[in-house]
Amino acid sequence: MPRSTIRYSTEQRITAAEFSGVLRRSTLADRRPTEERVLSRMLAGADVLATAWCDSLLVGVSRAISDFAYCAYLSDLAVDVDFQREGIGRELIRQTQEAAGLDVNLILLAAPAAQSYYPHIGMQPHNSCWILPRAPTPRR
């Protein structure tokens, strides 16, 4: 059966449930919170949100935080595993960079399984990244 055309948007908002779904279907949920209250805050704090849709199903998302002058941190890039290798991630990154500004540095931390993907699409590695881990969140 032929696949529907993928539709992209930088204007369409998504729900925490939709975000959770694509994180789970992309395997990024292995390294991200999945509680809807946390995901809602993550979405509210995003400066740039690019989405990919197959009909009404969210199949890809790029979420970035930016100052729109110097840098944008691409904090999430998730594509449903059933839709990977179709150029969706590349297009989401392109739309994110365009929305943040083409003169802005796009920065991300790669998931271990995705480290070979980013050089493939033209991103350059950087050997100096430092993280101050977040405090553990008490379980309720």
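This text follows the structure it describes.
Draft legend 1. Structural detail: the side chain of S66. Note that S66 resides in strand β3 (residues 57-66). Here C71 takes part through its backbone oxygen, which lies 3.2 Å from a polar atom of the side chain of S66.

Draft legend 2. Structural detail: the packing of helix α1 (residues 16-26) against helix α2 (residues 36-44). Contact pair α1 / α2: the axes reach a minimum separation of 9 Å and the direction vectors enclose 100 degrees. One finds that α1 runs roughly perpendicular with respect to α2. Contacts from A16, A17, F19, S20 and L23 of α1 reach α2 at E36, L39, S40, M42 and L43. In terms of residue class, the contact of α1 with α2 is built from 7 nonpolar, 2 polar and 1 charged.

Draft legend 3. Looking closely at the sheet that holds strand β4 (residues 71-79). The sheet built from 5 strands is open, its strands ordered β1-β2-β3-β4-β5 with mixed pairing. The strands lining the two open edges of the sheet, one partner per strand, are β1 (6-9) and β5 (105-107). Taking the axes of each pair of neighbouring strands and ignoring which way they run, one obtains an average angle of 20 degrees across the sheet. Of the strand pairs in this sheet, β4 and β5 are connected by 3 bridges, and their pairing is parallel.

Draft legend 4. Main features of the environment of D55. By secondary structure assignment, the location of D55 is in the loop between β2 (48-54) and β3. Ignoring sequence-local partners within four residues, the contact set of D55 consists of S4 and R7.

Draft legend 5. Up close: the environment of I14. Positionally, I14 belongs in the loop between β1 and α1. Assessed through its relative accessible area of 11%, I14 is described here as buried. Excluding residues that lie within four positions of it along the chain, I14 makes contacts with F19, L43, L49, T51, W53, L58 and V61.

Draft legend 6. View of the pairing of β4. In terms of burial, β4 is a largely internal element, 7 of the 9 residues being buried. By the bridge criterion, 7 bridges tie β3 to β4 in an arrangement that is antiparallel. When the sheet's bridge partners are listed, S62 is paired in β4 with L77. Hairpin connection between β3 and β4: a loop of 4 residues separates the two successive antiparallel strands, and F68 in this loop has a positive phi of roughly 60 degrees.

The rules behind the values
Residues numbered from 1 in each chain as written. Predicted model: local features only at pLDDT ≥ 70, side-chain atom pairs only at ≥ 80, totals over all residues. Heavy atoms only, no water. Helix = DSSP H or I, 4+ residues; strand = E, 2+ residues; numbered from the N terminus. Polar contact = N/O pair within 3.5 Å; in protein donor to acceptor, adjacent residues only side chain to side chain. Axes fitted to C-alpha atoms, helices over the stretch in contact; angles between N-to-C directions. Parallel < 35°, antiparallel > 145°, perpendicular 65-115°, else oblique. Contact = heavy atoms within 4.5 Å. Nonpolar A, V, L, I, M, F, W, Y, C, P; charged D, E, K, R; others polar. Pairing = 2+ DSSP bridges. Buried < 20%, exposed > 50% of the residue type's maximum accessible area, 1.4 Å probe, protein only.

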